[in-house]
Amino acid sequence: MSSNDNKWIGESTIRPDGADKVTGRATFAADSTMPGMIWGKVLRSPHAHAVIKSVDTSKAEAFPGVKAVITSSDIVDFPIDTPFPLGIQDMRWMCRNVMARDKVLFHGHPVAAVAAMTEAIAAEACKLIEIDYEVLPHAIEIDDALADDAPILHDWMEFEGKPSNIAGVLEHTKGDVASGFAEADVIIERKFTTRPVHQGYIEPHACLVSVAADNKTTIWSSSQGQFMVRAMTALLTGLSQSDIRAIPAEIGGGFGGKTIVYLEPLATALSKKSGRPVKMAMTREEVMRASGPTSGSKSVVKIGCKKDGTITAAEGTYWLQAGGLPGAPVRGAVGCALAPYDIPNGHTLGYDVVCNRSKVAAYRAPGAPIGSFGVECVLDELAEELGLDPLDLRLKNAAKEGTEAVHGPVYPVMGYVESLESAKAHDHYNAPLGANQGRGVASGFWFNAGGESSAQVNITEDGNVVVTTGHPDIGGSRAGIANICAELLGIDYKRVSVLIGDTATIGFSNLTGGSRVLFASSMVVTESTGKVIRTLCELAAKIWDIDPDAVDWEDGAARPAGANAGQFEPLTLAELAARANETGGPIGAGAQVNTTGAEGGFGTHICDVEVDPELGIARVIRYTVLQDVGRAVHPAYVEGQMQGGAAQAIGWALNEEYLYDKDGKVDNPGFLDYRMPVASDLPMLDTHIIEIPNPKHPQGVRGVGEVPLVPGLSAVRNAVYNAIGVRFNDLPLSPPRILDGLNVPEAAE
Amino acid sequence: MAKLHISTTINGEPEEFLCAPNETMLDVLRNRLGLTGAKEGCGSGDCGACSITLDGTLVCSCLMLAAEAEDKEISTIEGMADGETLHPLQQKFLEEAALQCGICTPGMLVAAKALLDENPDPTETEVRFWLAGNLCRCTGYDKIIRAVMDTAAEMRGATK
Ligand code: FES
Ligand code: FES
C-alpha cells in the first residue's frame, strides 16, 4: 500500500481527546474527587542514609481529623533473597521504594503516611510521627559509592566476593577488541560524565483510591500503565488483582517516570484502613526529591580507526547510578552505545551502582543517551583527527541491513544511512555560521519494543465505531489509532472514537513505554478491525444470499466481489449496523496479542549553538532532527515526539542537574533552580521524517518517541566544541563550566 | 481559622465562596469550585500550569491568595470558549497539534490569550518570552509558538 492510496494514515487529524484538553475538561489524576474523600500525605526521611530504629505513630493517630496512619508494616514485604520480577522491575525494590523498611536510602524516602480530613491536617499529623534514626554516612556520587571506604548501602550486596555498592553488571562482546585496536591507525580514549536528570513531567504523581468494605478497589491515577498499577498495588497491599479496578486518568507527561507506582499502594492501604476514599498528590518538591530521575554516569570510551575512517574496534565502560535500590538502565547504555555502527570488534560493559539518591526510573530511551554520549563525542574527535566530515565518518561505518550489532541482533531493513545522507544534503548542514557559532552532529539508536496489547473494536447501532485499547495515551496515540481504524474501514476518521479502557474493561496491555504503543496497539486494532470487516462481509452475504467470500469491503461498504458474485447495491457500514439484529447480532471484535517485530530506530541530529564568551551561555540557535520512523501514521504527533525529545536532550546537555548539599539533600527541588528549557531558550525544532516501513508491521510502524533524546546530548556538545574549540566531556554545559573551559582550554581536553 | 467570605466574578458569572485566609486561588478553584482546568505543576510560580487572569492580568493562581479575588474578575480556561465555539487559539492548538499530554495546555492557552489581547501582532521572540513562564516538557514549544503566531495572524485577518 503506497502512502498515496491512504486517506487517513499519514494525515494529521484532530485528536479524539482534543476538545477536552483545550477546554480544561480532561480529567488528570489530581482532578478527580469522590464523596467522603479524605487526603493522604507522606512523611519522608530527613536523612540521606539512616537506620530506622523505631517508629511511633501514636500521637499522629490521636490527632483530631486523622483517619489512618500507615508504615512499612502495612506494605507487603518481599524478602531480599527471593527475586520477584515484574516486567523490568523487581518487587523487592518496589516494596522498599514506596516505603522504607529498615533503612532510609535517600533524603525524601517515604517512612510513613497519614490520611486525614484535609491535606493540612495530614501534613500536620506527619510531624507528630516519632522516628528514631541512626544516621549513617552517605554516598551521593558514583565515586563516593565506589571508594574503598564507601558506606555500603545494603549489607547483603556483594560484588566479586566483597561488600559493594555494585548491584550488577552487564556486557556485550563481539570479536576481539585487543586485536582490533592493534589494527587501528588512530585510537582515541576519553572519560565522560553525565548528570542525573529528571523526566520533568509537568503533572506531579497523584491518585485517588477507594477501597470498599469487601475489598473492591478503584484507583484513578496518572500512570503509563493501568495494568502495572493494578499488579504492583495488588502485590504491595495483598489485594487480589480481580478486586482492583485501575482507571487511567489522562496523564500529564511521563517520559518513563510513571512506569512504576509511588502513591497508589499507600493510598490503597490508607483507604482500606480508614474506610474512606483517599486522594494523594505529590508536590513538585516531592517529585524532585523522591521520584525518577535517570542515572548519572561516568564512562570511558575508546575507539580505534584506520586512516580512511574504518572503525576497527570500540570499547565503552559505564557506571550508572541506580539510586538507593538496584536498577540503573545499564541495558540501554551498553546495548545502544555502539548500535548505529558496523563494528568488527566491540565491547561494552556497564555497572549498576547504588547510592543515596532517589531510585531511578525509566527516562525516554533509558540508558541510551548515556551510552551514546561518549561514543558520539569520540567519533567527532576522530573525524577531526582524520580530516573527515563527521557525517562521512558515520556513513563509512553505518550499520545497515544485515549488520550484526555489538549487542547481538542482525539488523533488518532500516533507515539509518538515509538519516545520515539526508542530514548531509540538508540545507541546515550547509548553512553558513557566524562568530561564536558552531555546528555539531550525532546519531543514536533505540531498541523499540513490542509486548502485550489488547483492543476491542465495536460498531455502534448507528454505524460508527468505538475502539478501546489498554495503553494510556501520552502523546496523541489515540489520534494515530483513529487514523488506522478509519483507513481500514474506509470511513471518516471522525466516526471513530478511541478510548483507553481500564483494567476491568479491556484485556491486559503492557506499559506505555519503550516507543511501543502505536506499534503494538495498531497491530491489535488492525486485527480486530479485520475481524469486524469479515463480519460485515458475512452480514452482507447473508442479506444478498451469496457466499461471504464473494463480498469485498471497500470505501466503507460491502460490495459484490465481481460480476460473478451478482448485481447488488453496496451496503454501507451504517446500513449493515442498522440491520445487525436481524442478521446476527452485535458487531464487534477484539484481539489480544503479545506483539513482536518492533525493529530498532535510528536518528541523526544537527545542532547549531552560539556561545556568549563573556557569560558562558550556550544557546541553541538551529536544530534539525532526522529519523527513520518506519511509517508516520499521524505526522504531526511524530514530529512532536522528535521535537520534544530534542528539547529534553538540549536541557540535559546544557542545564539540568541536581545540586546536593553536604548532608545529601537536594538543594534545587523545583523548576526555578532545576532549569528545564523554557520557550525563550529554544529555536524552532526542525524535523525530517524518513519512512522506511518496518516489514513486520501492518502499517510499517517502528516506534518514534525514544530515539530523539539519544543523539541530542552529543550533538549539542559537538556544536559547542565547534563554536569555541573546547571539548567538554562532562555535562551539563552550564555557564560556569563553559567559562572555566574558555579560561583553561587545555584543562578540558 | 475562621473562613473568609469572598464575592467575585469568575468567567463572567458572580461567585461566592468561603476560604481560609492562607488558601490559594488555585486551591479554591480546584477544590472548592470544581474548576480543575487550572493545574498545579509546581505551586511556586515556576510552571504556569495554573495561569488565570485577574482583571485581565495574567497571574499564577498558585501565587495568589483566594481572598484577593474579592470584587475582581477572574477568567480561567473554562471560560475561554464561547459556548460550543472554541476560541481561535483553542482551535489552532488542535489543528496544529500544539499539545501532547495536554497538562500545560490550559495554562498555555490562558497565557497566550492574554498576550494576544495585549499585542495582536507579536514577533516569535515576543511569543517565546511571553510564554517563558509556561513550561511544556512534551512539545519542545515549536508547535505551540507556531499555533500562537498563526492564530494571531488569523485574528488580525478577521478583524481587518
Ligand atoms: S502551579 Fe502555579 S506556576 Fe506552577
Ligand atoms: S503537552 Fe505535555 S507538558 Fe505540554
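About the cut-offs
Residues numbered from 1 in each chain as written. Chains lettered and ligands numbered in written order. Predicted model: local features only at pLDDT ≥ 70, side-chain atom pairs only at ≥ 80, totals over all residues. Heavy atoms only, no water. Buried < 20%, exposed > 50% of the residue type's maximum accessible area, 1.4 Å probe, protein only. Helix = DSSP H or I, 4+ residues; strand = E, 2+ residues; numbered from the N terminus. Pairing = 2+ DSSP bridges. Core = buried A, V, L, I, M, F, W, Y, C linked by side-chain atoms within 4.5 Å. Contact = heavy atoms within 4.5 Å. Disulfide = S-S within 2.5 Å. Buried area = accessible area lost by both parts, 1.4 Å probe. Salt bridge = Lys/Arg side-chain N within 4 Å of Asp/Glu carboxyl O. Polar contact = N/O pair within 3.5 Å; in protein donor to acceptor, adjacent residues only side chain to side chain. Nonpolar A, V, L, I, M, F, W, Y, C, P; charged D, E, K, R; others polar. Phe/Tyr/Trp six-rings, centres within 6.5 Å; stacked < 30°, edge-to-face > 60°.

Participant: Can you walk me through the pairing of strand β3 (residues 66–70) of chain A in this structure?
Facilitator: Successive residues of a regular strand alternate their side chains across the two faces of the sheet. Residue and element names in this part refer to chain A. Among the five residues that make up β3, four are buried, leaving the element largely enclosed by the rest of the structure. Pairing of β3 with strand β7 (residues 110–116), which is carried by four bridges, proceeds in the antiparallel orientation. Within β7, the residue paired with A68 across the bridge is A115.

Participant: Looking at this structure, how should I read the nonpolar core?
Facilitator: A general trend in soluble globular proteins is that nonpolar side chains are found buried together. With 185 residues, the main nonpolar core has M280(A), Y623(A), V720(A) and F93(B) as its most contacted residues. A per-element tally of this core places helix α11 (residues 368–386) of chain A first, with ten residues. Once residues within four sequence positions are removed from consideration, M280(A) is found in contact with G40(A), K41(A), V42(A), A113(A), H205(A), A206(A), C207(A), L263(A), L266(A), A267(A) and L270(A). In terms of nonpolar packing, the next biggest core, distinct from the first, is built from 39 residues, I533(A), W544(A), A577(A) and I587(A) among them.

Participant: How do you make sense of the state of the cysteines when you look at a structure like this?
Facilitator: Residue and element names in this part refer to chain A. A full pass over the atoms with the stated rule returns zero disulfides over all chains. Note on C305: no disulfide assigned, nearest cysteine sulfur contributed by C377 at a separation of 15 Å. Using a relative accessible area of 0% as the deciding quantity, one classes C305 as buried.

Participant: What am I meant to see in unusual backbone geometry here?
Facilitator: Only a minority of non-glycine residues have a phi that is not negative, and only a minority of peptide bonds are not trans. Residue and element names in this part refer to chain A. Of note, the bond from G292 into P293 is cis; its omega dihedral lies within 30 degrees of zero at -15 degrees. Locating P293 in the fold gives a position in the loop between α9 (284–290) and β17 (297–305). Unlike most non-glycine residues, N436 shows phi in positive territory, near 60 degrees. Of note, D545 is a non-glycine position whose phi angle comes to about 60 degrees, a positive value. Along the chain, the position of D545 falls in the loop between α16 (517–544) and β24 (551–554). A relative accessible area of 69% means that D545 is categorised as exposed.

Participant: I'm lost on the interface of chain A and chain B in this one. Help?
Facilitator: The interface of chain A with chain B comprises 50 residues on the first partner and 43 residues on the second. A combined buried area of about 3,800 Å² lies between chain A and chain B, and 60% of that area is made up of carbon and sulfur atoms. Counting across the chain A and chain B interface gives four salt bridges. Two residues, R137(B) and E656(A), come together in a salt bridge whose shortest N-O distance is 2.8 Å. Connecting chain A to chain B are 21 residue pairs in polar contact (both at pLDDT 80 or more). Those elements that provide at least two residues to the side of chain A that touches chain B are α1 (18–22), α19 (635–654) and β30 (685–690) of chain A. Per-element tally for the side of chain A that touches chain B: the top contributor is α19(A), with nine residues. For the side of chain A that touches chain B, the residue count by class is 27 nonpolar, 15 polar and eight charged.

Participant: Looking at this model, I keep getting lost on the packing of aromatic side chains. Mind explaining?
Facilitator: Remark: the centre distance and the inter-plane angle together describe each pair of aromatic rings, the angle taken between the planes. All names here are of chain A. Taken as a whole and assessed by the stated rule, the structure comprises 17 aromatic pairs over all chains. Judged by centre distance (6.1 Å) and plane angle (80 degrees), the rings of Y341 and Y416 are edge-to-face. Taken together, the residues span a long stretch of sequence, with Y341 in the loop between α10 (330–336) and β19 (346–354) and Y416 in helix α13 (residues 416–425) at a distance of 75 residues. The residues Y341 and Y416 share a single accessibility class, namely buried. A centroid spacing of 5.7 Å and a plane angle of 90 degrees characterise the contact between F445 and F447, whose relative ring orientation is edge-to-face.

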